[in-house]
Amino acid sequence: MNRMNRMKLPAGISPVILLRSMFSGVSTGLYLTGSAVFFTEYIGLSPGRVGLGISIAWLISTATMMPFGMLADRFGGRRVWLVGATASALVFLLYPFAGTYWQFQLVVILELLVSGLGSAGAGRYFGDLFPEGGRARGRAYLRTTSNIGMAVGAAIAGVAISLESRSGYLAIVLVAAAVTAIEAGLIAWAVPHVDHPHRPAERAARTRPVAIRDRSFVALAVLNGVYNLHGPVLSVLLPLWIVSQTDGPTWLVAGTMLTNMGLCVLFQIRASRGVETPGNGARAWARAGIALVVCCAAFAVSGTTEGLATVAALAVGIVALTAGELLTSAGTWAIRYGLAPESRRGEYVAVFGLGGQLSWIAGPAALSFLVVTGGPPGWLVLAGVFAAAAAVTGPMVAWASRTDREEEKQPEPSAHPA
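Just so you know, these numbers come straight off a predicted model, no measurement behind them.

What follows deals with the overall build of the chain. Across its full length, the chain carries 15 helices and 0 strands. Relative to the 2.2 N^0.38 estimate, which gives 22 Å for 418 residues, the radius of gyration of the chain is 21 Å and therefore close to what a compact globule would have. Each principal axis of the C-alpha distribution contributes one length, and for the chain these read about 70 × 50 × 50 Å. Residues classed as buried in the chain amount to 51% of the 418 residues present.

The subject of this paragraph is the environment of Glu164. If you trace the backbone, Glu164 turns up in the loop between helix H7 (135–162) and helix H8 (166–189). Residue Glu164 is classed as exposed on the basis of its relative accessible area, which comes to 66%. In sequence terms Glu164 and Tyr42 are 122 residues apart; their C-alpha atoms lie 9.8 Å from each other.

This part covers a nonpolar patch on the surface. Among the surface-exposed residues, Met22, Ile148, Val152 and Ile156 lie close enough to one another that they form a single nonpolar patch of about 270 Å² accessible area. Counting residues per element, the nonpolar patch draws most heavily on H7, which supplies 3 residues. Structurally, Met22 is set in helix H2 (residues 15–43). Assessed through its relative accessible area of 31%, Met22 is described here as partly exposed.

Attention now moves to the side chain of Glu111. If you trace the backbone, Glu111 turns up in helix H6 (residues 101–129). Notably, Glu111 is buried but unbridged: the nearest opposite-charge side chain belongs to Arg20, and the N-O separation is 12 Å. The residues contacting Glu111, other than those within four sequence positions of it, are Tyr31, Ser88, Val91, Phe92 and Tyr95.

Our focus in this paragraph is the packing of aromatic side chains. Taken as a whole and judged by the stated rule, the model has 21 aromatic pairs. Relative to Tyr95, the ring of Phe38 has its centre 6.1 Å away and its plane inclined at 40°; by these criteria the two rings are tilted. Of the two residues, Phe38 is situated in helix H2 and Tyr95 in the loop between helix H5 (77–92) and H6; the sequence distance between them amounts to 57 residues. Each member of the pair, Phe38 as well as Tyr95, is classed as buried. Here the aromatic rings of Tyr125 and Phe126 are separated by 5.4 Å at their centres, their planes lie at 80°, and the arrangement is edge-to-face. For the pair Tyr125 and Phe126, one class covers both residues: buried. Taken together, the ring pairs connect Tyr31, Phe38, Phe39, Tyr42, Phe92, Tyr95, Tyr101, Trp102 and Phe104 into an aromatic cluster. Across the ring face of Phe75, the terminal group of Arg74 is positioned such that the distance to the ring centre comes to 5.3 Å. Positioned above the aromatic ring of Tyr42, the side-chain terminus of Arg166 is 4.0 Å from the ring centre.

As a further point, take helix H4 (residues 65–75). Among the 11 residues of H4, 8 are classified as buried, and the element is accordingly described as predominantly covered. When H4 is considered as a whole, its buried residues turn out to be Met65, Met66, Phe68, Gly69, Met70, Ala72, Asp73 and Arg74. Elements in contact with the buried residues of H4: helix H3 (47–63), H5, H6 and helix H14 (345–373).

Structurally, Asp128 is set in helix H6. Take Asp128: its relative accessible area is 11%, and that puts it in the buried class. In sequence terms Asp128 and Gly76 are 52 residues apart; their C-alpha atoms lie 9.6 Å from each other. At 2.7 Å, the side chain of Asp128 and the side chain of Arg345 are in polar contact.

Moving on to the nonpolar core. Residues Leu220, Tyr227, Leu321, Trp379 and Leu382 are the most contacted members of the largest nonpolar core, which totals 46 residues. Listing elements by their share of this core, those giving two or more residues are H4, helix H9 (215–227), helix H10 (230–245), helix H12 (278–302), helix H13 (308–339), H14 and helix H15 (376–402). It is H15 that contributes the most residues to this core, 9 residues altogether. What Tyr227 contacts, discounting residues up to four positions off in sequence, is Trp285, Ala286, Ala288, Gly289, Leu292, Thr328, Ala389, Ala390 and Thr393. With 30 residues, the next largest nonpolar core counts Leu30, Tyr31, Ala160 and Ala176 among its residues.

Moving on to the environment of Val159. With respect to the element layout, Val159 can be found in helix H7. For the pair Val159 and Ile172, spaced 13 residues apart in sequence, the C-alpha separation works out to 9.6 Å.

Attention shifts here to the pattern of salt bridges. Under the defined criterion, the tally for this structure stands at 7 salt bridges. Between Glu347 and Arg344 there is a salt bridge, with the nearest N and O atoms lying 2.6 Å from each other. Take Glu347: its relative accessible area is 0%, and that puts it in the buried class. Judged by relative accessible area, which is 5%, Arg344 ranks as buried.

Now for the packing of H10 against H13. Axis angle and axis distance: for two packed helices, these are the angle between their axes and the distance between the axes, and together they describe the pair. Where H10 meets H13, the axes come as close as 11 Å, and the angle between the chain directions of the two elements is 165°. By the angle between their axes, H10 is roughly antiparallel relative to H13. The hand of the H10/H13 crossing is left-handed. The residues of H13 that touch H10, namely those facing His230, Val233, Leu234, Leu238 and Ile242, are Leu314, Ile318, Leu321, Glu325 and Thr328.

Let us now look at the side chain of Thr180. Looking at the secondary structure, you find Thr180 in helix H8. Here Ala176 takes part through its backbone oxygen, which lies 2.7 Å from a polar atom of the side chain of Thr180. Apart from the residues within four sequence positions on either side, Thr180 is in contact with Ser27, Ala85, Ser88, Ala89 and Phe92.

Definitions and cut-offs
Residues numbered from 1 in each chain as written. Predicted model: local features only at pLDDT ≥ 70, side-chain atom pairs only at ≥ 80, totals over all residues. Heavy atoms only, no water. Helix = DSSP H or I, 4+ residues; strand = E, 2+ residues; numbered from the N terminus. Rg over C-alpha atoms; globule rule 2.2 N^0.38 Å. Buried < 20%, exposed > 50% of the residue type's maximum accessible area, 1.4 Å probe, protein only. Patch = residues over 30% accessible without salt bridge, like charges linked within 9 Å, V, L, I, M, F, W, Y side chains within 5 Å. Areas by Shrake-Rupley, 256 points an atom, 1.4 Å probe, with all protein chains shown as cover. Salt bridge = Lys/Arg side-chain N within 4 Å of Asp/Glu carboxyl O. Lys, Arg positive; Asp, Glu negative; His and termini not counted. Contact = heavy atoms within 4.5 Å. Phe/Tyr/Trp six-rings, centres within 6.5 Å; stacked < 30°, edge-to-face > 60°. Lys NZ or Arg CZ within 6 Å of the ring centre and 35° of its normal. Polar contact = N/O pair within 3.5 Å; in protein donor to acceptor, adjacent residues only side chain to side chain. Core = buried A, V, L, I, M, F, W, Y, C linked by side-chain atoms within 4.5 Å. Axes fitted to C-alpha atoms, helices over the stretch in contact; angles between N-to-C directions. Parallel < 35°, antiparallel > 145°, perpendicular 65-115°, else oblique. Left-handed = near helix turned anticlockwise from the far one by under 90°.

What follows is the structure, given as structure tokens:
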């Protein structure tokens, strides 16, 4: 009986929800693996211009996160999510026509804006879908299927890139458009309606941001950015470190990525068990900080060893890094949804996500300078940052939990709802 209970899907999760998550993961895997290559090889832009354009697009996208979250509160997460996913599929079809730098810049900005709109809607929607006490476990199932989809998407992009032909590069964006369109179709026709749109009683309150002025919550958003540095460490810093600062073979770059994906699929659900309240989330974050300290120490050692010892140090590091990622994810859902008032859930979730965005804007350049230039001591400085984050997490979550976030009084429902 206990085994059957463990196999049962959590409340709010259905096969359709999981299927949608997998298609979303495929699209993300295609985009992350193949978009930059598409613009350099198919369009003919230089890597420097592509990197600059993507950074500019991320900055603009970050500025829209809170307004998009407020839109999701106003009109309902599912509706905003559907608009974002549909628009994203259409923007992918514009990629082949971006023949100049400025056309490329416009297309990338549009893609990140509409995908950000969809993410804001999804954040609000899943907060409404999952019951209190079941959000972290539900999120774990979504993240597991999404990781499977990302691996599939990365594999498809890898095969297309290996063809070294214009048709192969074009296939990347066409498949991404098709997969995203399927995702939008599932949202429109198969995902259940659970929206609870919020309409403030006072007209002025519709456009007045609240979450960004919540000091304790904003502080946690910044701390979220520190923990989310695991993303740039894995995707940017570690490959550069392996190639330039260790004697490890280059296949370890792909090997560490695949190890991370596999461990995420196998252990995300387990890592999220029992992490449902802000207090649980704080403990998960603190453990994540410790795991990330271990990861940094192991990677530092890998820069001073040779042969099998280097491989062993990198193996310990990637396992610890993945543990930090899994625990960060579990804690994030428990903290941000546990502290966000229902009436402004989309807005609060968006503000919380700003930290994660900033980790990707500042992290790659700052960490590359710190570690690749600084060598093993740079890893130890980063370990100190994670240790400090682990030390302050408990008091900061307690401070945010004591902050009064009253629900806004809702107007009486009209006979003719908008």
